[in-house]
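Each chain, written out:
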Amino acid sequence: MRQSGHIKMLLPLCLLAMMLCCQAAVADQIPLQAHQTAGRTVQLDWEAGTGTTDIYRRYPDEGQLSLIGSTSGNTWTDRHNRSVCNDTVYYVVRRGADEGAAAVNVSDNEPTAPAQWGVVTVDQTLQHIKLEWIASQDTDIMGYLVLEGTPSFVIDTVYGRTNTTYIYTQDSCLQARDFRIYAFDSCRKASALTDQCNNMVLHLESEPCSRTLTAHWNTYNNMPSGLGRYELWVSQDDAPFTLAGQQNNTAETSLEFTITEECQRVKAYVKAISTDGTLEALSNIRQEVLATSQRPSTLYLRKVSVSDDGKNVTVVGQTDTSWAGHQYTVYCSVGGGATNVAGHCTASATGGLVWTDRGVNLDEVRTYSFGITDGCGRNEMRSQKGSTILVELVTEGNSTGLQWNAYEGWQGTTTYGVLACQGESNLWQLAGTTTNNWMPDVSDGAGGLCRYKVAAFEGPDSQYGHSDSLQSTVAIYNPHTDIWMPNAITPLENNNNTVCPVSVYINPDQYSFAVYNRMGFCIFSSTTPGQSWDGTYKGRHVPEGAYTYTINYLQSDGSRQRKTGTILIIY
């Protein structure tokens, strides 16, 4: 503990006197004198004698004596490695059974050793200024004060001798700032300030449509071992950073570099490297988007719709009204293959884009998008993609369903409406709606010719919010009617005790099923598809034997058909 004042000094001295009196009763005293010399040094002197003398020391905050050395002489110089802030230090010397003791008030009158600069850099992930320095050589350092500006003012405190980094988050790293550090010890004595060290701020400049850019930055000051060179690191379109050039003349703080023709976005930072190559200080990362004022701010594809005859595809888009009259490129990919230029169109006065792909083969999905380059003829901007919807019929047993590829181009929920057109009519009617890209059963009861198509509707949660709609290709449903008839039944058994024509795509109009006995008398008839005969006539089972049947029906092409055969009754 730290002691000050007369009362605090009397108590340890009285205790020391009592200790010495008690020791005198059992051992000879060694007269010991202690006094502080320059700095943190205490000089000990005692009566000469023969043999080795051990020297012990105890600080006020320690509970016991510690051996600090041995000598055959009668003097000892104690150099303190820690700050002693006007505190009493106790010493004991022992030679054989003899002891001597002394107490001395020691004050830390040496200057605190300063910190030394490492680097002032920029964290490349957080883009915050980061200060790094070398710890003070004093072992009694409690921490460091971080100062900024000229004249300097304290902005923060970092506690702990070995805590030698600081992240400056108060402001942007896009402004050059000067920093200084000083250390303070447990006596609250401050070291000398370091010299000023600063962060580097990088700027990029380029002429319109030029592929050459100029990077310039402020000078980096007070690099330990001296500043060796500057390096410029560049990334094009988010590719990894590569060395674009270096400046060995550290008095010059600018470099020119060239980008590729296709580059749209440049990122760069500068690196200051010490002469011995052991230290690096990084600037901020600067980004430059090239010719952004020379291309539309918006470009999107609204919809891709197929004509009723399936021969044309209309592609509709939207761009800035300020770009009316400019020519846009239309791109197309067939079946997931390579994307090629399909044509060009010009933006209307309202920014609308309309282009029609004529005479196309829609056996495969076709995907479209719009594109336009900036005023320099590079940095092409493309819209999102939109695809044609292809519908196909899927038949399983008596059920026919529709499936199609989901529309690509809208975000949010897309609703699909299935439309049907019977026979040769041109009247399309809604058969159902779904948010999936399939409908399990669309077979019509008549079994005749029917055409189907799908209309897609843009949901209100789409990012463009135009509530657009489009339509798919047309699928033609023209089923062939087939009838199968069993040739025997066992009416008295639990199984196979009825007979019924099995049909697919049967038209109930003009359908009839009749059974005749050997006399040609009709013993059963029905005009309802699916109705069975149980082998009875007027509630009684008919005799065992062979019976003939006839089935009259309409084929899907409208022709009248008759099927005849024999049914065997077995008991």
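Keep in mind it's a predicted model, so treat the numbers as computed, not measured.

(A) Seen up close, the packing of aromatic side chains. What the rule picks out here adds up to 13 aromatic pairs. Between Trp133 and Tyr144, the ring centres sit 5.6 Å apart and the planes meet at 65°, which makes this aromatic pair edge-to-face. Of the two residues, Trp133 is situated in strand β9 (residues 129-134) and Tyr144 in strand β10 (residues 141-148); the sequence distance between them amounts to 11 residues. Neither residue differs from the other here; Trp133 and Tyr144 are each classed as buried. Aromatic pair Phe513 and Phe524: ring centres 5.7 Å apart, planes at 70°, arrangement edge-to-face.

(B) Fine view of the confidence of the model for the protein chain. For the protein chain, mean pLDDT is 88; residues scoring 70 or higher make up 93% of the total. Across the protein chain, the element-wise mean pLDDT spans from 40 in helix α1 (residues 5-24) up to 98 in strand β21 (residues 280-282). In this model residues 1-27 is a low-confidence stretch, pLDDT under 50, and it forms 26 contacts with partners more than four residues away in sequence or in other chains.

(C) Broad picture of empty space enclosed by the protein. Overall, the coordinates contain 1 cavity of 30 Å³ or more when judged by the stated rule. Space inside the largest cavity adds up to approximately 30 Å³. Looking at the largest cavity, the residues that line it are Tyr331, Cys332, Ser333, Thr339, Thr367, Tyr368, Ser369 and Lys385. Sorting the residues of the lining of the largest cavity by element identifies β25 (327-334) and β28 (366-372) as the ones contributing at least two each.

(D) Structural context of the pairing of strand β36 (residues 450-458). Taking burial as the measure, the 9 residues of β36 include 7 buried ones, the bulk of the element. As paired elements, strand β33 (residues 414-422) and β36 share 9 bridges and run antiparallel to each other. Paired with Cys421 across the bridge in β36 is Arg451. Sheet topology note: the β36/strand β38 (residues 475-477) ladder contains 3 bridges and is antiparallel. When the sheet's bridge partners are listed, Tyr452 is paired in β38 with Ala475. In this structure, β36 lies alongside strand β37 (residues 469-471), joined through 3 bridges in antiparallel fashion.

(E) Spatial organisation of the sheet that holds β9. Strand order in the open sheet formed by 3 strands is β8-β9-β12, and the pairing between neighbours is antiparallel. Edge positions in the sheet fall to β8 (116-122) and β12 (165-168), since each of these pairs with one other strand and no more. In this sheet, neighbouring strand axes are inclined to one another by 20° on average, regardless of whether the strands run parallel or antiparallel. Direction of pairing for β9 relative to β12: antiparallel, over a ladder of 4 bridges. Note on β12: the bridge partner recorded for Leu131 is Tyr166.

Analysis parameters
- Residues numbered from 1 in each chain as written.
- Predicted model: local features only at pLDDT ≥ 70, side-chain atom pairs only at ≥ 80, totals over all residues.
- Heavy atoms only, no water.
- Phe/Tyr/Trp six-rings, centres within 6.5 Å; stacked < 30°, edge-to-face > 60°.
- Helix = DSSP H or I, 4+ residues; strand = E, 2+ residues; numbered from the N terminus.
- Buried < 20%, exposed > 50% of the residue type's maximum accessible area, 1.4 Å probe, protein only.
- pLDDT = per-residue confidence, 0-100.
- Contact = heavy atoms within 4.5 Å.
- 1 Å grid on protein atoms, 1.4 Å probe; cavity = no way out; pocket = protein on both sides within 12 Å on 5 of 7 lines; lining within 4 Å.
- Points joined across faces, edges and corners; volume = space filled by probe spheres on them.
- Pairing = 2+ DSSP bridges.
- Axes fitted to C-alpha atoms, helices over the stretch in contact; angles between N-to-C directions.

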